[in-house]
Amino acid sequence: MKKIFTLFTLTLLIVCCTKKDSNSNADESGCVYKTIDGQRICYCGGTVVCQNGGECNDGTCDCPEGFYGEACELHIKPDSLTISKLTVNRFYPTNNGLPWDPDSSGADIYITVHIGSFGLPYHTTDTVSDADPNTEYEFDINPPITLRDVEASIRLQLFDADPGSPQRIDESLGTKAWFSDNNIRQPDPWTYEWYENGERIVITVGVKYYY
Ligand SMILES: [Ca+2]
């Protein structure tokens, strides 16, 4: 009997001290830092890297709204979303080799947003005159677009506001904010990027999710 008792004590001692050793270099938030590719990375509780803005607290990840899981790696389906800001990061420098406007000035750009297949598009509030294709421009949509169907298709069109007949520079494919097949939502902001003749249009969409 005494032998068994000794063995039991010894096992407890090993469990206790192995566990203690693995976290002995953790900081006060429970981070154990490892350097990977020259970057110092927090392994929360010594095991997981908190994702999606999660913060290590007492050795576990505190997840921001919309995320859960040991590493905040899982997404909660939003009830609704709003879009109030779009940023044009770049667009085609020419209109098939010609200047966008007859007076050789730059395109006067604005964006429309199409939800689903029907209904009128939303317009950005302002137009930027003589836009430089490689400069970032922020656009507001006021009032913001509110979407209760977070799986609705969202498609963008970039226009040059030629007097009388606005010219469509190009349009994106439709994509959506929430993918129920794999329970993933788009990040905030999310990026639309499409190509023509090796040139790119890049537009980022600022979105706020509600749960
Ligand atoms: Ca112009």
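Residues numbered from 1 in each chain as written. Predicted model: local features only at pLDDT ≥ 70, side-chain atom pairs only at ≥ 80, totals over all residues.

1. Points about the overall build of the protein chain
For step 1, the next point in the chain: The secondary structure content of the protein chain amounts to 1 helix and 16 strands.
For step 2, the next point in the chain: Looking at the protein chain residue by residue over its 211 residues, the buried ones come to 18%.
For step 3, the next point in the chain: Long-range contacts, defined here as pairs at least 24 residues apart, represent 49% of the contacts in the protein chain between residues at least 6 apart. (Helix = DSSP H or I, 4+ residues; strand = E, 2+ residues; numbered from the N terminus. Buried ≥ 20, exposed ≤ 12 C-beta atoms within 10 Å, placed from the backbone. Contact = placed C-beta atoms within 7 Å.)

2. Looking at the pairing of strand 1 (residues 31-36)
For step 1, the next point in the chain: For strand 1 and strand 2 (residues 39-44), the ladder comprises 6 bridges, and the chain directions are antiparallel. Its bridge partner lying in strand 2, C31 is registered against C44.
For step 2, the next point in the chain: What sits between the antiparallel neighbours strand 1 and strand 2 is a turn of 2 residues, in which D37 has the positive phi angle 50 degrees. (Pairing = 2+ DSSP bridges.)

3. With respect to the sheet that holds strand 8 (residues 109-115)
For step 1, the next point in the chain: Read across the open sheet, the 4 strands follow the order 9-8-11-12; overall the sheet is antiparallel. For this open sheet the edge positions go to strand 9 (122-123) and strand 12 (167-171), each flanked by a neighbour on one side alone.
For step 2, the next point in the chain: As defined by bridge partners, strand 8 adjoins strand 11 (residues 154-160) across 7 bridges and the pair is classed as antiparallel. Its bridge partner being in strand 11, I115 is matched across the sheet by I154.

4. Digging into the nonpolar core
For step 1, the next point in the chain: Membership of the largest hydrophobic core comes to 27 residues, with the highest contact counts inside it found for L81, I109, I111, L158 and I203.
For step 2, the next point in the chain: Elements with a contribution of two residues or more to this core: strand 7 (80-90), strand 8, strand 10 (137-147), strand 11 and strand 16 (199-210).
For step 3, the next point in the chain: Ranked by residues supplied to this core, first place goes to strand 16 with 5 residues.
For step 4, the next point in the chain: Residues within four places of L158 in sequence aside, it is in contact with V88, F91, I109, I111, I169, D170, I201 and I203.
For step 5, the next point in the chain: If you look at the next biggest cluster of nonpolar residues, it comprises 8 residues, including C31, C42, C50 and C56. (Core = buried A, V, L, I, M, F, W, Y, C linked by C-beta atoms within 7 Å.)

5. Here's the deal with the environment of I109
For step 1, the next point in the chain: Here I109 lies in strand 8.
For step 2, the next point in the chain: On the basis of neighbour count, I109 is assigned to the buried category, with 23 C-beta atoms found within 10 Å.
For step 3, the next point in the chain: Residues I109 and P166, 57 residues apart in the sequence, show an inter-C-alpha distance of 9.5 Å.
For step 4, the next point in the chain: When near neighbours in sequence (up to four residues on either side) are disregarded, I109 contacts V88, F91, T127, V128, A131, L158, F159 and D160.

6. Quick notes on the sheet that holds strand 16
Pairing between the strands of a sheet comes from backbone hydrogen bonds, and it takes one of two forms, parallel or antiparallel.
For step 1, the next point in the chain: Across the sheet, which stays open at both edges, the 4 strands sit in the order 10-7-16-15 with antiparallel pairing between neighbours. Whereas interior strands pair on both sides, the edge strands pair on one side only; in this sheet they are strand 10 and strand 15 (190-196). The average angle at which neighbouring strand axes cross in this sheet is 20 degrees, direction not considered.
For step 2, the next point in the chain: In the sheet, strand 7 pairs with strand 16 via 9 bridges, with the strands oriented antiparallel. Looking across to strand 16, one finds that L86 is bridged to V205. (Axes fitted to C-alpha atoms, helices over the stretch in contact; angles between N-to-C directions.)

7. A look at the confidence of the model for the protein chain
For step 1, the next point in the chain: Per-residue confidence for the protein chain gives a mean pLDDT of 89; residues scoring 70 or more make up 89%.
For step 2, the next point in the chain: A low-confidence stretch, residues 10-21 (pLDDT under 50), is modelled with 0 contacts involving residues beyond four sequence positions or located in other chains. (pLDDT = per-residue confidence, 0-100.)

8. Concerning the environment of P102
For step 1, the next point in the chain: Mapped onto the secondary structure, P102 falls in the loop between strand 7 and strand 8.
For step 2, the next point in the chain: Accessibility expressed as a C-beta count within 10 Å gives 8 for P102, which makes it exposed.
For step 3, the next point in the chain: Distance in space between the C-alpha atoms of P102 and D162 is 9.5 Å, their sequence separation being 60 residues.

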